[in-house]
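# Working through the structure, step by step
The primary structure of each chain is shown beneath.
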Amino acid sequence: MIELTNNIISESESAFFKSLFENNTVAMLLIRPNTGEIVLANKAAQLFYGWDLDEMCTMNVFEINTLPENEVRNAMQAAKNNDKNIFEFKHLTANGTIKNVAVFSGLVQYNNEALLYSSVVDQTDVENARQKTKEIMEFYRAITEFSKEGVVVVSAENKFMFISDNSKRNFGYDIDDESIYSLQPCECTHPEDVDRVENEVIKTIMNVNYSPTLRYRFKTKNNDWIWIESTFTNMLGNPNVGGIVINFKNISNRILLENQININEKFSDFLLETSALFIDMPIGMYEKQINEILKKCAILL
């Protein structure tokens, strides 16, 4: 808990409080957590909400938060107990506009009273940007719907941002099934491949010009493993994407064929190496030698 007081404080403490609260460009409120009363607001809050400071200090947080009162009380209690400190709300302003805000809240001691110290950040532009990104993603979904390749966008925090319909089909999901978004890409990557894949992702994040192509196994909804060949492209700096774009192909059949060809080649080499054993071999020894060969064939296959 941070301790603040305006009774008897040193000059340095007074300057600290003034710079931290009164003159901060971020809207800030001091709130009684049990009642929701606004005890103090700074000038940035006045500009953001549109009420003057004296009026704001007669208001209750329930008047500006559009959530039901019980939900606001639960959020304040969580902040008071330090169970949660970051919230997303919709706040009403003096002119009737509702704004999307992020609230960073924690407990402070002010004038010998435990209050909630809440910093309010306008997220309206962020929400508009998210909506624009969603529209772009819908367009991207439309143009990739019938593509043979899968397209996935992953954030720098290792979360799915976009999964094309064809990707969902490859992963065994219905196109309307959004449950895959609750998973992280690393959870779906085979344990033997995950370190290699994550290393390549880190390299891609660190170097915008780095675009690796690699093969690895990915888990389907039914917990089967498919082989995919993916190319990673860093588009974190693109405001319309803001993530790592992964174009991939399902190469499970190709891997199966390559493995079969590899087995056939090994088998052919083995037959060539062992064929010399039959030259000039007494007939009575054929049976024993054939049994040994069959055992080795079983190991190869």
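In what follows, the accompanying structure is described. (Residues numbered from 1 in each chain as written. Predicted model: local features only at pLDDT ≥ 70, side-chain atom pairs only at ≥ 80, totals over all residues. Heavy atoms only, no water.)

### Some remarks on helix 8 (residues 194–206)
- The end-to-end C-alpha distance of helix 8, which contains 13 residues, comes to 18 Å, matching closely the 18 Å that a straight helix rising 1.5 Å per residue would cover.
- Among all positions in helix 8, only V194, V197, E200 and T204 are buried. Relative to the axis of helix 8, the buried residues are bounded by an arc of 130° and lie together on one face. Opposite the buried face of helix 8, by more than 90 degrees, sit the exposed residues D195 and M206.
- For helix 8, the secondary structure elements touched by its buried residues are helix 7 (185–188), strand 9 (213–219), strand 10 (225–235) and strand 11 (243–250). (Helix = DSSP H or I, 4+ residues; strand = E, 2+ residues; numbered from the N terminus. Expected span 1.5 Å × (residues − 1). Buried < 20%, exposed > 50% of the residue type's maximum accessible area, 1.4 Å probe, protein only. Arc of directions from axis to C-beta. Contact = heavy atoms within 4.5 Å.)

### Some words on the packing of aromatic side chains
- Applying the stated criterion to the full structure yields five aromatic pairs.
- Ring centres 4.3 Å apart and planes at 25° place the aromatic pair F171 and F218 in the stacked group. Taken together, the residues F171 in the loop between helix 6 (165–170) and helix 7 and F218 in strand 9 connect sequence positions 47 residues apart. Each member of the pair, F171 as well as F218, carries the same accessibility label: buried.
- Clustering of aromatic rings is evident, with ring pairs tying together F48, Y49 and W51. (Phe/Tyr/Trp six-rings, centres within 6.5 Å; stacked < 30°, edge-to-face > 60°.)

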